[in-house]
Each structure stands twice: as structure tokens, then as C-alpha cells.
Amino acid sequence: MSDTSASRLLQGVAVGVVLSDQNEDAVFRTALRAKRRGHPVFVTSLREDSDTLDALADVGAVVIAPPSEQASQSDLHRLLSRTARERGSTGIILQTRDCPRIDYDRTAAAFERADYEVIAIPEHWEQTPNGPTVVVGIPAYNAADSIGQVVERAAAYADEVIVVDDGSRDETADHAREAGATVVVHERNRGYGGALKTLFRAGADRRAAHLVVIDADGQHDPGDIPTLVETQTRHDVDIVIGSRYVGERKTKIPLVRSVGLAVINNLTNASLGKLRPSGFIRDTQSGYRCYSLYATRSLASDRLIGDNMGASTDILHHALRNRLSVSEVETTISYDVENASSQGSVSHGLDLLRNILWTIEYGQPLLILGLPGGVITLLGVTMTVQLIARAVQTGTLVSARLVPPILFAIGGVLLCIAAVMMQVLNRHPSIARLQSDENS
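Every chain is numbered independently, its residues counted from 1 as its sequence is written. Two thresholds apply to this predicted model, a pLDDT of at least 70 for residue-level local features and 80 or more for giving and counting side-chain atom pairs, whereas whole-chain, interface and lining totals are computed over all residues. The side-chain quantities take in all heavy atoms of the structure and omit both hydrogens and water.

1. Notes on the packing of aromatic side chains
Centres within 6.5 Å make a pair out of two Phe, Tyr or Trp rings, where for Trp the six-membered ring is used; the pair is then stacked when the planes are under 30 degrees apart, edge-to-face when over 60, and tilted otherwise. Here the structure, examined in full by the defined rule, presents one aromatic pair. Pairing Phe-200 with Tyr-291 gives two aromatic rings, centres 5.0 Å apart and planes at 80°, and the pair type is edge-to-face. Separated by 91 residues along the polypeptide, Phe-200 in helix α8 (residues 192–206) and Tyr-291 in strand β11 (residues 289–292) bring together distant segments of the chain. Across the pair, exposure class does not vary: Phe-200 and Tyr-291 are buried alike. The ring of Tyr-104 has Arg-37 sitting right over it, with the charged end atom 4.1 Å from the ring centre. Against the face of Tyr-116 rests Arg-85, its NZ or CZ located 3.8 Å from the ring centre. Numbering of helices and strands starts at the N terminus; helices are DSSP runs of H or I of at least 4 residues and strands are runs of E of at least 2. Partly exposed describes any residue whose relative accessible area lies between the buried limit of under 20% and the exposed limit of over 50%, with all areas from a 1.4 Å probe on protein chains only and scaled to the type maximum. By the criterion adopted, a ring carries a charge over it if an Arg CZ or a Lys NZ lies within 6 Å of its centre and within 35 degrees of its normal.

Encoded structure:
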């Protein structure tokens, strides 16, 4: 896109920046370059350095007071966007935390399909000699109605878009190619996990610094890609998850799915040994993820990742085993898209539960089954003893009242026995050899 075309597309569009202790010089450079291009500049900050804000005002920036001292980056971005709209701007480009130089050409291309705001695409995303900076991967199955638009929107943020057509029976592959994607076709349907493994191998082969995986049905907003990539770069994180549960929640999740996700999130965190809420992964089932090259290579060689929807959980267990760091950033997922996932909520949930049960069996049975079993046994025995003691005092024993606590205690004992058996089997040399063979 020529500089003239970009300027025409971005006419009347503002640039929004959040000032921090780490980006003062970069904010000034952003403001000056934006003003030279004719863009209004809006700045907000949690700092109390009035001299810096006054200096920004002197170069023509509009300084906005933050809503509170606890405001997050997302809160401040919403403030900047709202103010720009009120001031008559036709849209706004929101700078990332580090304020790198904005690639206005690519940002303009992204703005063509934005509602009002886009996250700025930095110039340093240009392809390096070692490989592309950002590759977007899309697992797709019978997504002909939506894949073209998803590819076109994602292409603005990517050096390459790769679509894995997972045995579709429609024109998914053709529509993806027409939209400009590189297409890998599975002759038969291998499942969501199978498509992910193909993407990991493709990302590793290309030496992509960041592999961002999004869904083909349009539920994920490609406009959040810069946020995921910047988080990965800034914090040197192996896996960044676009989460529905961090920050100010804007995702409207259907009730049945919300309940199912709550159960599965808690079970998955328990199977990962994350028992304290401060260490939880809030959205264990989000498919919107950004992987570093190190993580992509590691995942590409792991044969324990399944082919079904439970691959999302398998990847987190791989991260735990291989000490890959995981972080989450706020994102919004839309459930009212026309071509939503072909797998129903109940089927999806059962798939995930089967995967978690496998994890319990071969992962941490003493923690997941043994600990609850011990608690249940203790409660059952305590209730039984209390009823017997009361019967001795009163001289009356109602046998029917003893049945529930006795069954409770028996159930707890059975859970404990199952946990011990699974733990012994896991440590048996033959099982260890089998797992070793699977990894080789």
C-alpha cells in the first residue's frame, strides 16, 4: 500500500497512547510522527509527572485524565477510544505499551475492516532473515462461509496466514486460497488437535518468531494479535492465551457453555497441580493463542498431544512438563457469528472431560483422586461415629440414617484405592517404557 493510500484511509483517524515510566521517549516520538502525518493525538497516563504531560500538550496532544489509579491498559484504551469518538475522530489507532514506530501502511490495511479502533502494527514486524515474525495459523473444518473473511482480516497482522483444511467437505480450501492464505489439506478429518499439530510443524519449519492460532469461524478478533505478540515479546513468554476471563469481561458466554467452561477450567487447573487461585490459568480452553518459536518446536515433536478438542488441555500439560511459561491477556470472543463451531457444546464438553480424566489417570492421581477420597472418607466416618454416639446416648438407632454416611465413607475409600493403584501403575517400569516409546 502506498503512503498516499494509507494517508487517505487513515484520514481523520486519531492515535492513542498510554504514557508510562518506561516509554516516555517513545511516546514523544509517536506523538510527533503522528502530528506530522496529520493525526490527532490523545494521551493518558497514570503518572503524576505534569511536566511530561504539559510537554506533550505543547506538541499538540490532547491529554486525558485517567479514570482511576487502578485502571488497566485495556481501561485506558477504552478511555482513549471513547474520547476520540466524542471529539469527532473517524477512528483511533491504539499504541502498544512499548510504543514502537507504527507501520502506518499495514495498520491502514487492518483499519479497512475495523469497526472503529485497531491496535498499531509496529514496523519491526517486518520479516527477518531467520524467518517471518508473525505467522497466523487457522484450523478449519467446513468453514467455507467464514474462512475468506477471517484470512483477509488476519493477513493485515501476519507475514503469512496458514490454513489447515482438516478434511472439509465444502470449498474451505478454495476460499482460503482466494483470500491469500497458504493452505495445507488433510485428506481425512484428523480433528482439532491434528490440525494444530500440522500448524506447529509448519511454524517450526518456517522458524516463525510468533505463531498465532485463531479459529476459522470468526469468533476471534484478529485485531488482538498485536496485543498477544507484544505480551510475548515484552515478557519473554512461551505461550500467550487470549482469555475471556481476565480484565474487564466483555465476552457474553451462553449459560450452558459458561457452566461447562467453569467446571473444565477448574478440573484442568487441578490436573495441572494449580490449587491456588493466584496461579490459575483462567481460560484453559481458549483456542486464541500465541506460541514462541521455542514453544512451537517443542509442541511439534510431542506425540502425546491428542487429535480431538482436548488438545487445548494437552498443550497446557506439555507446557507444565517442559517448563514453558504461560500468560494470559484480555480478549473478546463473539458467539453470535454465522458459522460457529460445528461441534456442539455438549459434545465439546464430553471430549474435554474425557481428556481430563485421562490426565487424572496418567498424571497426578494421588492429588486429584486421593486427596478428595481421603476427605470424603473422613467425613463419612465422622458422620457415622456421631450417629452411633447419639444412638448410644438415646438408646435408639435408626439404621436408615447410617446408610448415607457409610456409603459416603465407602466411596471415599474406593477413590483412595483407585488413586493408589493408578499411582503404582504410573510408576511401573513397563508404563514408563511405553510412555518413552510414544515420545520417541
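2. Topic: the nonpolar core
Definition of nonpolar core: a set of buried residues of the types Ala, Val, Leu, Ile, Met, Phe, Trp, Tyr and Cys, connected through side-chain atoms within 4.5 Å. Ranked by size, the top nonpolar core spans 56 residues in total, and within it Val-136, Ile-138 and Val-163 carry the most contacts. Any two residues whose heavy atoms approach within 4.5 Å are treated as being in contact. Apart from the residues within four sequence positions on either side, Val-163 is in contact with Ile-138, Ala-140, Ile-147, Val-151, Ala-176, Ala-181, Thr-182, Val-183 and Val-184. Formed by 26 residues, the second largest nonpolar core is a distinct cluster that contains Val-164, Ala-295, Met-309 and Ala-319.

3. A look at the pattern of salt bridges
Salt bridge, as applied in this entry: a Lys or Arg side-chain nitrogen positioned within 4 Å of an Asp or Glu carboxyl oxygen. Considering all chains together, one arrives at twelve salt bridges under this definition. The residue Glu-330 makes a salt bridge to Arg-78 at a minimum N-O spacing of 3.3 Å. Here Arg-78 lies in helix α4 (residues 73–86) and Glu-330 lies in strand β12 (residues 326–330), a separation of 252 residues in the sequence. Between Asp-221 and Arg-153 there is a salt bridge; the shortest N-O distance is 2.8 Å. Of the two residues, Asp-221 sits in the loop between β9 (210–213) and α9 (225–235) while Arg-153 sits in helix α6 (residues 144–155), which places them 68 residues apart along the sequence. A residue is classified by how much of its surface remains accessible, and Asp-221, at 29% relative accessible area, is partly exposed. A single network of salt bridges, built from pairs that share partners, joins Arg-33, Arg-101 and Glu-123.

4. Topic: helix α11 (residues 293–300)
Residues separated by three or four positions in an α-helix point in the same direction, a consequence of the helix having 3.6 residues per turn. Taken together, the buried positions of α11 are Leu-293, Ala-295, Thr-296, Ser-298 and Leu-299. Against the buried residues of α11 lie α8, β9, β10 (239–243), β11 and α12 (311–321).

5. Brief notes about the packing of helix α2 (residues 24–36) against helix α3 (residues 50–58)
What describes two packed helices is the angle between their axes and the distance between those same axes. Lines fitted to the C-alpha atoms define the axes, with helices restricted to the stretch that makes contact. Angles between their N-to-C directions range from 0 to 180 degrees. Orientation of α2 relative to α3, taken along the N-to-C sense of each, is 15°, at an axis distance of 10 Å. Considering their axes alone, α2 and α3 lie roughly parallel with respect to each other. In the crossing of α2 with α3, the sense of the turn from one axis to the other is right-handed. Along the contact surface, α2 presents Glu-24, Val-27, Phe-28 and Ala-31, while α3 presents Thr-52, Ala-55 and Leu-56. Looking at the contact of α2 with α3, its residues break down into five nonpolar, one polar and one charged. When an angle is under 35 degrees it counts as roughly parallel; over 145 it counts as roughly antiparallel; between 65 and 115 it counts as roughly perpendicular; any other value is oblique. We call a crossing left-handed when the near helix sits turned anticlockwise from the far one by less than a right angle, and right-handed when that turn is clockwise. Under this grouping Gly is polar, as are all residues other than the nonpolar Ala, Val, Leu, Ile, Met, Phe, Trp, Tyr, Cys and Pro and the charged Asp, Glu, Lys and Arg.

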